[in-house]
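# Residue-level structural notes
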Amino acid sequence: MSRGGGKGLSLKDKLDGNELDLSLCDLNEVPVRELAALPKATILDLSCNNLISLPSDFCSLMHLVKLDLSKNRLQQLPLDFGRLVNLQHLDLLNNCLVTLPVSFAQLKNLKWLDLKDNPLDPVLAKVAGDCLDEKQCKQAAFKVLQHMRAIQSEQDRQRQWKLQAEREMEKKREAEQRAKEAKEREVRKREKAEEKERRRREYDAQKAAKQEMEKKTKKETVQTRKPASGSRPTQPPRHKPSWSRSVLRVLLLALFCVLCTLAACKLTELQRQPLCISVNTLYEDVLAALQNHKTLQNMLHQNSQQ
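It should be emphasised that the depicted structure is a prediction, and the values quoted were computed from it without experimental measurement.

## Comments concerning the side chain of S103
Turning to its location among the elements, S103 is positioned in the loop between β5 (89-91) and β6 (112-114). Here S103 falls in the buried class, since its relative accessible area comes to 10%. Aside from chain neighbours lying at most four places away, what touches S103 is L79, D80, F81 and G82.

## Thoughts on unusual backbone geometry
If you check the backbone angles, L24 has positive phi at about 55° while not being a glycine. Tracing the backbone through its elements, the reader meets L24 in the loop between β2 (19-21) and α1 (32-36). With a phi close to 55°, K71 is a non-glycine residue in the positive phi region. By secondary structure assignment, the location of K71 is in the loop between β4 (66-68) and β5. A relative accessible area of 44% means that K71 is categorised as partly exposed.

## Thoughts on the pattern of salt bridges
For the coordinates displayed, the defined rule picks out 11 salt bridges. With a shortest N-O distance of 2.5 Å, R157 and E154 are connected by a salt bridge. Of the two residues, R157 and E154 both sit in helix α3 (residues 134-225), 3 residues apart, roughly one turn of that helix.

## A few points about α3
For α3, built from 92 residues, the straight-helix expectation of 136 Å at 1.5 Å per residue is met to within 8% by its first-to-last C-alpha distance of 134 Å. Taken together, the buried positions of α3 are C137, A140, A141, V144, L145, H147 and M148. Tucked inside the fold, the buried residues of α3 contact β6 and α2 (122-128).

## Quick look at the confidence of the model for the protein
Taken over all residues, the pLDDT of the protein has a mean of 86, while the share at 70 or more is 88%. Contacts from residues 1-8, a stretch scored under 50 in pLDDT, to residues over four places away or in other chains number 22 contacts.

The rules behind these values
Residues numbered from 1 in each chain as written. Predicted model: local features only at pLDDT ≥ 70, side-chain atom pairs only at ≥ 80, totals over all residues. Heavy atoms only, no water. Helix = DSSP H or I, 4+ residues; strand = E, 2+ residues; numbered from the N terminus. Buried < 20%, exposed > 50% of the residue type's maximum accessible area, 1.4 Å probe, protein only. Contact = heavy atoms within 4.5 Å. Salt bridge = Lys/Arg side-chain N within 4 Å of Asp/Glu carboxyl O. Expected span 1.5 Å × (residues − 1). pLDDT = per-residue confidence, 0-100.

So, in structure tokens, the structure goes:
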């Protein structure tokens, strides 16, 4: 392990039981991979080096119980430093720390803490106090944990409030969007109704214009058919002979023919012809029948008088 990169020297050579001393090695970075391969090294001393920051994977060394980072140039700790939940002793003396990560509140097993000689935030410096003896260092660990837990709780409340505000804002946006959509639907519905009413009025206007045109055309046709003034009066239409008149004329013609035939068969020499004989016989039969019918009528008339 060289001073600059941590290579060339085996860490096992520096391991003494569960203690690993890497102090005064002029380290610029922490050999996290090699340290992770030594889970027995629960006590790690990285003091008096040139460390400016710790890599994020340093927080995977959860087997650490005691950690000495004093007399380096650390400006900040990793954000997830609280993953080192088994850490009980932490020495950060003489670094360049101003604040601690909020996850620091998760170091529930921390019993000893030294933050002297750091340009701490005034509030954090007052909370931490001095670490001149065992009692003060234990009080520093207890008070700093309480302070960081309060900060974490406040941040959680702020985060919860922010999340709630975002939810309320989202609900408000959704309500506004629904109202906007409902308004747009109402506008489209109204526009559709207006369009339908406009088309109905156009249809009624076209229908009325068509009817007016038909009336005008009919009126002009009637006026065209009327006779002009001063023209000859039209003769009344001749009545066609009715059907009864035609029948009467046929009967009279038939009767005339019969009389002519009887006269010819009675008064001329044609009476000896077979046709005339038949006609004369028929005439006498008819005459006899009429006489009998007349006699019957007289008898019935007398009976009715009696």
